[in-house]
Amino acid sequence: MDEDQIKDPQSDRKSITEEVHLPEPTMPPVQAAFISLIAVFFLYQVGGSLLTILIFGMDFQNADVNAMRLLTAAGQILLILAPSLIFTKLVYQDVTIIIRFRIPPLKETGLFVLGLVIMIPLLESYLTLQEYVLNILAEHSGLFDSIKNFLDTVDKFVEQTYFELINPNNAFEMVLIVLIVSVVPAVCEEIFFRGFVLRSFEYKYKPIVAALITALFFGIYHFNPYGLIALIILGTYLGYATYKSNSIAVPMILHFINNFVAVTAFFIFGSEDFMEPSELGPENLPMVIAGFIILVIIFTGFIFAVNRYYNNVRSVNNDMP
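As the structure is a prediction and not an experimental result, all values here were calculated from the model.

Procedures and definitions
Residues numbered from 1 in each chain as written. Predicted model: local features only at pLDDT ≥ 70, side-chain atom pairs only at ≥ 80, totals over all residues. Heavy atoms only, no water. Helix = DSSP H or I, 4+ residues; strand = E, 2+ residues; numbered from the N terminus. Buried < 20%, exposed > 50% of the residue type's maximum accessible area, 1.4 Å probe, protein only. Core = buried A, V, L, I, M, F, W, Y, C linked by side-chain atoms within 4.5 Å. Contact = heavy atoms within 4.5 Å. Expected span 1.5 Å × (residues − 1). Bend = angle between axes of the 7 residues up to and from the residue. Polar contact = N/O pair within 3.5 Å; in protein donor to acceptor, adjacent residues only side chain to side chain.

(A) Molecular detail of unusual backbone geometry. Unlike most non-glycine residues, Arg-100 shows phi in positive territory, near 70 degrees. Within the element layout of this structure, Arg-100 appears in the loop between helix H4 (95-99) and helix H5 (106-140). According to the relative accessible area criterion, Arg-100 is buried, its value standing at 3%. Unusually for a residue other than glycine, Asn-246 sits at a positive phi of about 55 degrees. Assignment of secondary structure puts Asn-246 in the loop between helix H9 (228-245) and helix H10 (249-275). Using a relative accessible area of 15% as the deciding quantity, one classes Asn-246 as buried.

(B) Examining the nonpolar core more closely. Among the nonpolar cores identified, the biggest contains 33 residues, and Leu-37, Phe-192, Phe-193, Phe-196, Val-197 and Phe-201 are the most heavily contacted of them. Those elements that place two or more of their residues in this core are helix H2 (29-56), helix H3 (65-92), H4, helix H7 (171-202) and helix H8 (207-221). Examining the composition of this core, we find that 11 residues originate from one element, H7, more than from any other. Those residues within four positions of Val-197 in sequence are excluded, and the remaining contacts are Ala-33, Ser-36, Leu-37, Phe-192 and Thr-214. Formed by 22 residues, the second largest nonpolar core is a distinct cluster that contains Ala-230, Tyr-237, Leu-295 and Tyr-310.

(C) Structural view of the environment of Ser-36. Along the chain, Ser-36 falls in helix H2. Residue classification places Ser-36 among the buried positions, given a relative accessible area of 0%. Sequence spacing of Ser-36 and Phe-87 is 51 residues, and the spatial spacing of their C-alpha atoms is 7.2 Å. If we skip the residues at most four places from it in the chain, Ser-36 touches Phe-87, Phe-192, Phe-196, Val-197 and Tyr-221.

(D) Seen up close, the environment of Tyr-240. Positionally, Tyr-240 belongs in helix H9. Distance in space between the C-alpha atoms of Tyr-240 and Ile-208 is 6.9 Å, their sequence separation being 32 residues.

(E) Representation of H3. With 28 residues, H3 should reach 40 Å at 1.5 Å per residue; the first-to-last C-alpha distance of 39 Å fits that figure. At Ala-82, H3 shows its largest kink, close to 25 degrees, and the proline Pro-83 lies no more than four residues downstream. The backbone nitrogen of Asn-66 lies 3.1 Å from a side-chain oxygen of the residue at the head of H3, namely Asp-64. Just downstream of H3, Gln-93 is the residue with a positive phi angle, here 70 degrees.

Written out as structure tokens, the structure reads:
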């Protein structure tokens, strides 16, 4: 990379390519990752549900919605973030290195934000095509139609629960919703998934494999049947950004932007446009497919460009005295 492409060549190159000596774990890292995934799943999903029932009872519809929102945020902090930091300290001792606590250069962060800008419409196009294909399959297969009806029921329940949390009555609630839906998950989930879990898998597997495994569990944790593949793709990109930037701040920012865009779309367009999948007819299918292919090509080119950027930085850094 040319020296005039960055403001401070010395500091940026060292921060991006710095070789870190990973601490010796107190137990096999992959085993630690799976134990933490199981533990956090039961703590947050089962423990959080029991805590909600103890506080609000079974009559959720009459419960104070702001109290429910605050409990959701508290659950993420106490049952995802706190266990993540505890696991990291117990298994690796050095929390900073494992979690990758580093403030990345602004230019580096902007690079991955650009990738997210490409990825958001790409995933929207994918979900539209997925809905079209699933409807065709359901029309021609009784078994698949039964499976789809079951998934529709689960999806409707998830959407209704989410709708209750993000439906504001005033400006104060809008701010509260952004905090709870965009900020808190971006911090808590990223420290767990792209922090402890990803780094643990990296001890044994190649970075892309570690990112894929982590993303798979990231998708499963969200209980979104139709959004599973999209979440896995997004999670893989977040893992890729974490590894390349060597900073947990980057996926946090990307996670925040992704959630913020979704909740802002809900505020602007309302529940019907937000919750219902885009309808796709045969007459529009070629255009949507072409748009999807173009976005895939653009995103693939972006990944090649990012890889080349980091390879150049590493090469220049290695040549430095």
